[in-house]
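What follows is each chain in one-letter form.
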Amino acid sequence: MNARALHVEDVGEGPLVVLAHGFGGSARNFGPQIRALRSRWRVVTYDARGHARSARATASAPDPTLEMLVDDMRVVIDRTGVGEPVVAGGLSLGAAT
């Protein structure tokens, strides 16, 4: 999946934190964390494949596997252009990712 098919939000400045939501959730789940971190961190959240504002499954793009979700997180991180260590966190399925 390309980065344009994933809804990504990017706020703040500083070292990069990427947060992945749980099954059935969205980037909106991290509002309190974003408000707490954005003054010292660059916080990137995204809607996982098939969730909320990201592309839905189709016949040619089936329901996501864990490997697909990991690849999507890699796409999101690569899209940031940081090229340095990233702090990754998540809830439920996002933590597994």
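1. Some thoughts on the overall build of the protein chain
A tally of regular secondary structure across the protein chain gives 3 helices and 4 strands. Listing the helices and strands of the protein chain from first to last along the sequence gives β-β-α-β-α-β-α. When each of the 97 residues of the protein chain is scored for burial, the buried share is 32%. Taking contacts inside the protein chain between residues at least 6 apart in sequence as the whole, the part at least 24 apart equals 79%. Summed over all atoms, the accessible surface of the protein chain reaches about 5,500 Å², with 54% contributed by carbon and sulfur.

2. Digging into the environment of glycine 94
Structurally, the position occupied by glycine 94 is in helix α3 (residues 93–96). For glycine 94, a relative accessible area of 3% corresponds to the buried category. In this structure the C-alpha to C-alpha distance between glycine 94 and leucine 19, which are 75 residues apart in sequence, comes to 7.6 Å. Leave out the neighbours within four places in its chain, and glycine 94 touches Ala20, His21 and Gly22.

3. Topic: the sheet that holds strand β2 (residues 16–20)
On the basis of which strands lie adjacent, the open sheet formed by 4 strands has the order β1-β3-β2-β4 and mixed pairing. Of all the strands in the sheet, the pair left with one neighbour each is β1 (7–12) and β4 (87–90). Adjacent strand axes in the sheet meet at a mean angle of 20° when their direction is disregarded. Pairing of β2 with strand β3 (residues 42–47) involves 5 bridges; the strand directions are parallel. Bridge pairing in β3 places leucine 16 opposite arginine 42. Sheet strands in contact with helix α2 (residues 66–80) are β1, β2, β3 and β4, and its direction is about 140° off that of β3.

4. Description of the environment of arginine 42
Tracing the chain through its elements places arginine 42 in strand β3. Measuring from C-alpha to C-alpha, the distance between arginine 42 and aspartate 10 comes to 7.0 Å, with 32 residues separating the pair along the chain. Setting aside residues up to four positions removed in sequence, arginine 42 forms contacts with Asp10, Val11, Gly12, Glu13, Gly14, Pro15, Leu16, Val17, Thr80 and Val82. Reaching out from arginine 42, the side chain makes a polar contact with the backbone oxygen of threonine 80 at a distance of 3.4 Å.

Quick notes on the rules
- Residues numbered from 1 in each chain as written.
- Predicted model: local features only at pLDDT ≥ 70, side-chain atom pairs only at ≥ 80, totals over all residues.
- Heavy atoms only, no water.
- Helix = DSSP H or I, 4+ residues; strand = E, 2+ residues; numbered from the N terminus.
- Buried < 20%, exposed > 50% of the residue type's maximum accessible area, 1.4 Å probe, protein only.
- Contact = heavy atoms within 4.5 Å.
- Areas by Shrake-Rupley, 256 points an atom, 1.4 Å probe, with all protein chains shown as cover.
- Pairing = 2+ DSSP bridges.
- Axes fitted to C-alpha atoms, helices over the stretch in contact; angles between N-to-C directions.
- Polar contact = N/O pair within 3.5 Å; in protein donor to acceptor, adjacent residues only side chain to side chain.

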